[in-house]
Each structure stands twice: as C-alpha cells, then as structure tokens.
Amino acid sequence: EVQLVESGGGLVKPGGSLRLSCAASGFTFSSYTMNWVRQAPGKGLEWVSSISSSGTYIYYADSVKGRFTISRDNAKNSLYLQMNSLRAEDTSVYYCVLGTTGKPEYFQHWGQGTLVTVSS
Amino acid sequence: DIQMTQSPSSLSASVGDRVTITCRASQSISSYLNWYQQKPGKAPKLLIYAASSVQSGVPSRISGSGSGTDFTLTISSLQPGDFATYYCQQSYSTPWTFGQGTKVEIK
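What comes next concerns the included structure. (Residues numbered from 1 in each chain as written. Chains lettered and ligands numbered in written order. Predicted model: local features only at pLDDT ≥ 70, side-chain atom pairs only at ≥ 80, totals over all residues. Heavy atoms only, no water.)

Topic: the side chain of glutamine 6 of chain B
Residues and elements named next belong to chain B. The condition is simple: We count a stretch as a helix when DSSP gives it H or I for four or more residues in a row; a strand needs E for two or more, and each element gets its number in order from the N terminus. When a residue's accessible area, from a 1.4 Å probe over protein chains only, is under 20% of the maximum for its type it is buried; when over 50% it is exposed; and in between it is partly exposed. N or O atoms within 3.5 Å of each other form a polar contact, as long as, within protein, one can give a hydrogen and the other can take it, and as long as residues adjacent in sequence are counted only when both atoms are side-chain atoms. A contact between two residues is defined here by any heavy atoms of the two lying within 4.5 Å.
With respect to the element layout, glutamine 6 can be found in strand 1 (residues 4–7). Given a relative accessible area of 3%, glutamine 6 falls into the buried group. Polar side-chain contacts of glutamine 6 include one of 3.0 Å to the backbone nitrogen of cysteine 88. Once residues lying within four places of it in the same chain are set aside, the contact partners of glutamine 6 are Ile21, Thr22, Cys23, Trp35, Tyr86, Tyr87, Cys88, Gly99, Gln100, Gly101 and Thr102.

Here it is, written out as structure tokens:
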C-alpha cells in the first residue's frame, strides 16, 4: 500500500524558513517523479514543485521560484521542500504527491498534507 | 501558462442524477488531462488520467472524455459518496495547472 507521510509544517513568521519532509513507502520510490502541491484555506489546488526520479530534472511554480527548494533522498525514500523567505500567501496545506514513471504524467497518490501557516 | 476553466463552479444534484462537469484548456493539451475528487478535510484522489483512463478502484459510473481543449467528467448515476469537489489538471506542460474546482452538492 502506498503511503506518503508529510511532516514539518507549523507556524512561522513572515520571512522565516521551514523544511517539509515526506516519508514514502509501499512503492519503489527511486523510480517515480515526486511533487508538492498546496492548497490555501478554502481555495483550490496549486502545483508547487516536481522532481524527477533521479533528481536530475526539477521544476517550480513561478510563485515559489528562488525561495523554495525541492530535493529527495532515494536511499531514505524521502522527499523534502525547503521553504525560505516565507510570505503570508504561502499559508496552505502542503501535499506530498506521487507522480508517475513517465508520460502521461499525473498525481496518482496524495499524502494527508501538512499545514504551513505564515503569520506574525 | 495554460489556463484551465471548469464549469459550472458548483451544482446541486440528487442521488441517481447524471452529472457532467466541463473543463476547457486555454490551448490544446492533446489528452493530457486528469481529474481529481476531493472531499472536505481530505486529500484529493485521482479519478481519471489521460482524459479517459479510469484509475484503479474508481467506480465504473465515473468516466472522462475529450481531447484538445474541451473535456468532460461524467458521473452516470450520482451516489452519496460522490458529493465532493472535482478538479481538472493539465499535464501537457509545466507549470501544471488546475481548474478552479466544481463543487457537487446535494439538492
């Protein structure tokens, strides 16, 4: 059974930093693209970042480029999101999402999410 | 960026009704269109990928169709567990983008 368990969320002041982690199990982690998708309270879904299976290819939404860094450790079956220079508009539930091994690409399994609140 | 527009934004329907949700892309995305269901307080769940391929475990009453710029999600006979918000998402090119969502409520 696929399991994705996020951690690291919490309350942080504007301009602060936070590192999210996602522990993956139930599949061959090193074979899949992994993603972060977020959802602001009461709002829709927003893709944040993706990383290819080996970490070679990395993509970011313009809204987080230069502030967030996605990474993975295939030996530990873990995905990370380093978030710096946080803003109030980054307040969201952040989901760790399992992608695919190739095309077509889709978000096939989602973690339960971790809430990040940016407020003074 | 490719903009995804869903219609309607919300709808009220009864158990047993046929429900159709439309998603339109701002440019052609071939069949790179996915659908997700989200219930309150829960993570989204993949329903349909590549426009018409049904994810394993999804009931046969749920189907998807379309290509190019116009896509539909159809629930042939609405069941109590189908009351939720539905999102389309394009995977033609990054940034991956979602529609604004369609909330299906009980009439």
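The structure having been displayed, the exposition proceeds.
Considering the state of the cysteines
Note on terminology: disulfide describes a covalent bond linking the sulfur atoms of two cysteines. All names here are of chain A. Rules: Cysteine sulfur atoms that come within 2.5 Å of each other are treated as a disulfide pair.
A full pass over the atoms with the stated rule returns two disulfides over all chains. Here cysteine 22 connects covalently by a disulfide to cysteine 96, the sulfurs 2.1 Å from one another. On the sign convention where negative is left-handed, the bridge of cysteine 22 and cysteine 96, at about -70 degrees about the S-S bond, is left-handed. Placement of cysteine 22 in strand 3 (residues 18–25) and of cysteine 96 in strand 9 (residues 92–98) is noted, with a sequence separation of 74 residues between them. The same class applies to cysteine 22 and to cysteine 96, which are both buried.

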